[in-house]
Amino acid sequence: MIDFHSHILPGVDDGPQTMGESLGMLRSSFLQGVDAIVSTSHFYANEDYPEDFLKRRNAAAQQLEDAMLLSVDIYPQVILGAEVLYFPGISEAEEIELLRIGDSRNILIEPPMAPWSEDMLDEIRQLGQNFDLIPIIAHVDRYMTMLQDPSLLDRVRKRDLVVQVNGSYFLNFQTRETAVRNLKAGKVQLIGSDCHNLDSRPPNLGLVRKLARTQNAEKEFKQLQQNAAELLMSRRR
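Residue numbers run consecutively from 1 along every chain, following the written order of its sequence. Only residues with pLDDT of at least 70 are given local features in this predicted model, and only at 80 or more are side-chain atom pairs given and counted; all residues enter the totals for whole chains, interfaces and linings. Think of the side-chain values as coming from all heavy atoms in the structure, minus any hydrogens and water.

### Observations regarding the layout of surface pockets
Move 1: Definitions used throughout: a 1 Å grid over protein atoms alone; a cavity as a set of points that fits a 1.4 Å probe which cannot get out; a pocket as an open set with protein on both sides within 12 Å along at least five of seven lines; a lining residue as one with an atom within 4 Å of a point. Grid points are joined across faces, edges and corners, and a volume is the space filled by probe spheres set on the points. Its boundaries defined by the atoms lining it, the largest pocket holds a volume of some 260 Å³.
Move 2: Strands here are runs of E lasting at least two residues and helices are runs of H or I lasting at least four, both read from the DSSP assignment and numbered beginning at the N terminus. Of all the secondary structure elements, the ones that give two or more residues to the lining of the largest pocket are α4 (140–146) and α6 (168–171).
Move 3: Residue contributions to the lining of the largest pocket peak at 4 residues, all from α4.
Move 4: For this scheme, ten residues count as nonpolar: Ala, Val, Leu, Ile, Met, Phe, Trp, Tyr, Cys and Pro. Four count as charged, namely Asp, Glu, Lys and Arg, and the remainder, Gly too, count as polar. Counted by class, the lining of the largest pocket contains 3 nonpolar, 8 polar and 4 charged residues.
Move 5: For the lining of the second largest pocket, the secondary-structure elements that each account for two or more residues are α3 (118–131) and β5 (134–137).
Move 6: By residue number, the principal contributor to the lining of the second largest pocket is α3, which donates 3 residues.
Move 7: Here the residues of the lining of the second largest pocket sort into 4 nonpolar, 2 polar and 6 charged.

### Re helix α9 (residues 218–232)
Move 1: Here α9 is 15 residues long and its end C-alpha atoms lie 22 Å apart, about the 21 Å a rise of 1.5 Å per residue gives.
Move 2: Here the term buried applies to any residue with accessible area under 20% of the maximum for its type, exposed to any over 50%, and partly exposed to those in between, with areas from a 1.4 Å probe on protein chains only. Listed in full, the buried residues belonging to α9 are Glu-220, Phe-221, Leu-224, Gln-225, Asn-227, Ala-228, Leu-231 and Leu-232. Axial view of α9: buried residues confined to an arc of 155°, hence all on one face. Exposed and oriented more than 90 degrees from the buried face of α9 are Lys-219 and Lys-222. Expected span, for any helix, means 1.5 Å times one less than how many residues it has. The arc in question is traced by the directions running from the helix axis to the C-beta atoms.

### Remarks on the nonpolar core
Move 1: Note on terminology: a nonpolar core comprises buried Ala, Val, Leu, Ile, Met, Phe, Trp, Tyr and Cys residues joined through side-chain atoms within 4.5 Å. Of all hydrophobic cores here, the largest spans 59 residues; its most connected members are Val-84, Ile-96, Trp-116 and Phe-170.
Move 2: With 7 residues, the single largest contributor to this core is helix α2 (residues 50–70).
Move 3: Whether two residues touch is decided by their heavy atoms; if any such pair falls within 4.5 Å, the residues are in contact. In this view, Phe-170 contacts Val-165, Arg-176, Ala-179, Val-180, Leu-183, Ile-191, Val-208 and Leu-211; residues no more than four positions away in its chain are not counted.
Move 4: Formed by 15 residues, the second largest nonpolar core is a distinct cluster that contains Phe-4, Val-38, Ile-101 and Leu-190.

Structural data, given as structure tokens:
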């Protein structure tokens, strides 16, 4: 499996603060069947510059890689990216393209926790067109719940933006039925654990895969993994 949204670097954002917890999260992910995990540390343009963020992120990633090499345990491959909070003007900010996922064309965009305007979604689409990127909208399910707006999935797909949902969408009893229905309808393209720690927000994709099997949605869940692999192989023209 590929976990397309996670916070596993130690001391970079509100994810794990210690190396031990980072390693524990990665080990838990591997034991659940995760082969590769996309590390998407938070990036806020009003607090940071991309170059400074990348220096901190890359330094933490190197420390994590060193610790993994010294360990006898087996871990997933870590692919570096960022979770970029949307801001007006993002489509013209050339340095934002530095925050894409690995060597791919993908960039994970986090909308603000406020009603989504048509202008915002159009600008995210324009970001992709301006810089030959594939914008992925982070945890759309969270906004659907908190903003009480079930139309968001269709509004994202209408613009050919990629929908990423969290594992909790399927594991929460209140949203499980809707999550499975949207998965079977092809309205979801990517899944991530959005893990931050080992307690309140742990890795959980293994549980989602088990649930998919019980809901006769194993084929659709495998399609999410194929989507993830294909996106990670995308290269800029």
